[in-house]
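# Commentary on secondary and tertiary structure
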Amino acid sequence: RYYENESSMAHENDLMIKSMIKLRQSFYNLSKENSEIAAKTRSLEKKSETDPLIAMYNRFRLNKYAEIAFKKAIDNQTGLAVEILDIDFFKEYNDTYGHIAGDKCLKTVAAILNESIGEHGIAGRYGGDEFIIAMCCSKDEAEAVFAKIKAKLAAAEIANSGSEIDDNVTITTGAVVADFDESTDFIYYVREADLVLYEIKKSSKNGYKVRQLEQE
């Protein structure tokens, strides 16, 4: 009887160990599956927020960032700046060098924007050859970022024989800066920056203008 009891207990222990191993394996498989699902979800989210051509944030991601930027501006009592820029004579660039070269030009400009703003904010493609930058900063800081962008672009020396103002690719930028006001939203800043860009393009290219907005 003692032997039978010991054998029975040993068998039960063996079954319990096997069951625990099986359960642990199931947990491992489930954890692995969840990790893979999470990775795929992150990948899909990134794709939905990224311009497929230049691997840069699109309008959807910019809108999401705006919510964060607004909160940061409130918490830190900083200004909020939005810059819209476009590539001068980009149609002529495409006509002269072809659309493949045009895509390469867009990628180069996008890289310069990302390098220049650093942790100041976020840059994204607004559409076509237009880009947008949103930053929590002062007017002086916004101008410093643009000066850096312009210097890097000049150093890149992207030839544009179709330009009427320079031998290389240039950009024109309109920007607005204001203390954050809860009565405004991101679209308000974008609209005002677009107006500034339109004003400067009527008179010149390769220029920059920033307007300090007065909140009501």
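Notes on the structure follow. (Residues numbered from 1 in each chain as written. Predicted model: local features only at pLDDT ≥ 70, side-chain atom pairs only at ≥ 80, totals over all residues. Heavy atoms only, no water.)

### Some details on the pattern of salt bridges
- A complete count under the given rule lists 5 salt bridges for this structure.
- With a closest N to O distance of 2.5 Å, Lys201 and Asp86 form a salt bridge. With Lys201 in helix H6 (residues 186-203) and Asp86 in strand S3 (residues 79-87), the pair connects residues that are 115 residues apart, well separated along the chain.
- Exposure remark for Lys201: the relative accessible area of 31% places this residue in the partly exposed category.
- Here Glu199 and Lys209 are joined by a salt bridge, their closest N and O atoms 3.3 Å apart. One end of the pair, Glu199, is in helix H6; the other, Lys209, is in strand S7 (residues 208-212), and 10 residues separate them in sequence. (Salt bridge = Lys/Arg side-chain N within 4 Å of Asp/Glu carboxyl O. Helix = DSSP H or I, 4+ residues; strand = E, 2+ residues; numbered from the N terminus. Buried < 20%, exposed > 50% of the residue type's maximum accessible area, 1.4 Å probe, protein only.)

### Regarding the packing of helix H3 (residues 90-97) against helix H4 (residues 99-117)
- Packing of H3 against H4 leaves a shortest axis separation of 7 Å and a crossing angle of 135°. Comparing the axis directions of H3 and H4 gives the class oblique. Contact residues: Phe90, Tyr93, Asn94 and Tyr97 in H3; His99, Ala101, Gly102, Cys105 and Leu106 in H4.
- A class-by-class count of the residues in the contact of H3 with H4 yields 6 nonpolar, 3 polar and no charged. (Axes fitted to C-alpha atoms, helices over the stretch in contact; angles between N-to-C directions. Parallel < 35°, antiparallel > 145°, perpendicular 65-115°, else oblique. Contact = heavy atoms within 4.5 Å. Nonpolar A, V, L, I, M, F, W, Y, C, P; charged D, E, K, R; others polar.)

### Re the pairing of strand S6 (residues 171-179)
- Within S6, 8 of the 9 residues are buried, which leaves it mostly tucked inside the rest of the structure.
- In the sheet, S3 pairs with S6 via 9 bridges, with the strands oriented antiparallel. Paired with Ile84 across the bridge in S6 is Gly174.
- Of the pairings in the sheet, the one linking S6 to S7 comprises 5 bridges and is parallel in character. What sits directly across from Gly174, in S7, is Lys209. (Pairing = 2+ DSSP bridges.)

### So, H4
- With 19 residues, H4 should reach 27 Å at 1.5 Å per residue; the first-to-last C-alpha distance of 27 Å fits that figure.
- Along H4, the positions that sit buried rather than exposed are Gly102, Cys105, Leu106, Val109, Ala110, Ile112, Leu113, Ser116 and Ile117. Buried residues of H4, seen end-on, are gathered within an arc of 160° and therefore sit on one face of the element. For H4, the exposed residues lying more than 90 degrees away from the buried face are Ile100, Lys104 and Glu115.
- Backbone geometry just after H4 places Gly118 at a positive phi near 55°. (Expected span 1.5 Å × (residues − 1). Arc of directions from axis to C-beta.)

### Observations concerning the packing of aromatic side chains
- Applying the stated criterion to the full structure yields 4 aromatic pairs.
- Ring centres of Phe146 and Tyr208 lie 4.2 Å apart, and the angle between their planes is 15°; on these two criteria the pair is classed as stacked. One end of the pair, Phe146, is in helix H5 (residues 139-156); the other, Tyr208, is in strand S7, with 62 residues separating them in the sequence.
- Among the residues examined, Phe146 registers a relative accessible area of 6% and is labelled buried.
- Among the residues examined, Tyr208 registers a relative accessible area of 22% and is labelled partly exposed.
- An aromatic cluster is present here, built from Phe90, Tyr93 and Tyr97 joined pairwise through their rings. (Phe/Tyr/Trp six-rings, centres within 6.5 Å; stacked < 30°, edge-to-face > 60°.)

### Regarding H5
- Taking 1.5 Å as the rise per residue, H5 with 18 residues should run 26 Å; its terminal C-alpha atoms sit 26 Å apart, in good agreement.
- Summarising the contacts, the buried residues of H5 are in contact with S3, H4, strand S5 (130-136), S6 and S7.

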